[in-house]
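Coordinate analysis (summary)
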Amino acid sequence: MPYEAPTVEQDMRRWLERAVIGLNLCPFAKAVHVKGQIHYAVSAASCAAELRRDLLAELRDLAAMDAQQRDTTLLIAPLAFPDFLDFNDFLAEADQALAELDLEGVLQIASFHPRYRFAGTDPDDITNFTNRAPHPTLHLLREASLDRAVQAFPEAETIYETNMATLERLGPEGWRALDVGPSPAAGTEGGGRP
């Protein structure tokens, strides 16, 4: 399926600005966004082997760069893993890639998906949308940056519960009004909308 990398990146920026920062789902995101320290890497991968290759390259690049230049990377794979369970299974491979490069404790990987679903929730449960992005995404983070952010936000363990409450107040209509799903030109289905 064809896709436009600039459109995919635009989708992710819109989601970051309107949902992640706009709803304060991650209190640490605004600073790196404003400073231009987020790298958006759009992968053409359509299978696990290709995405693993791109992940290894992005992990190496992030580890080699100064955090002031690039603090975090969003590795976006619009053609890979349309099924959330397949994507979720791939996360074990992603962790193996981190270990293979001896970057455990240096970097970590968070995940977002258009059909993200927490265990024990219904597919349309609004709380799942805290981790729903327009496209399957691996978020590569620096452990040192997370440690600094947690020190600046001492009640970090409350973020999860706060996000759930925010989404429950917003509801499906409010989420739809944010318009943070994939653009039709991105070439993927609109799984980011309730």
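Residues numbered from 1 in each chain as written. Predicted model: local features only at pLDDT ≥ 70, side-chain atom pairs only at ≥ 80, totals over all residues. Heavy atoms only, no water.

**Here we look at the sheet that holds strand 3 (residues 107–112)**
Pairing in this open sheet of four strands is mixed, and the strands run 1-2-4-3 from one edge to the other. On the outer flanks of this sheet lie strand 1 (38–42) and strand 3, each paired with one strand and no other. Pairwise comparison of adjacent strand axes, ignoring direction, gives a mean angle of 20 degrees for this sheet. Sheet topology note: the strand 3/strand 4 (residues 137–142) ladder contains six bridges and is antiparallel. Across the sheet, F112 pairs through a bridge with T137, a residue of strand 4. Contacting strand 3 and strand 4, helix 4 (residues 84–100) crosses the sheet at an angle of about 170 degrees to strand 3. Together, strand 3 and strand 4 form the strand contacts of helix 5 (residues 143–152), whose direction differs from that of strand 4 by roughly 75 degrees. (Pairing = 2+ DSSP bridges. Helix = DSSP H or I, 4+ residues; strand = E, 2+ residues; numbered from the N terminus. Axes fitted to C-alpha atoms, helices over the stretch in contact; angles between N-to-C directions. Contact = heavy atoms within 4.5 Å.)

**Focus: the packing of helix 3 (residues 48–64) against helix 4**
Two elements in contact, helix 3 and helix 4, have axes separated by 10 Å at closest approach and are oriented at 35 degrees. Between helix 3 and helix 4 lies a crossing of right-handed hand. Of the residues in helix 4, those touching helix 3 at A48, L51, R52, L55, L56 and L59 are F90, E93, A94, Q96, A97, L98 and E100. When its residues are assigned to classes, the contact of helix 3 with helix 4 shows nine nonpolar, one polar and three charged. (Left-handed = near helix turned anticlockwise from the far one by under 90°. Nonpolar A, V, L, I, M, F, W, Y, C, P; charged D, E, K, R; others polar.)

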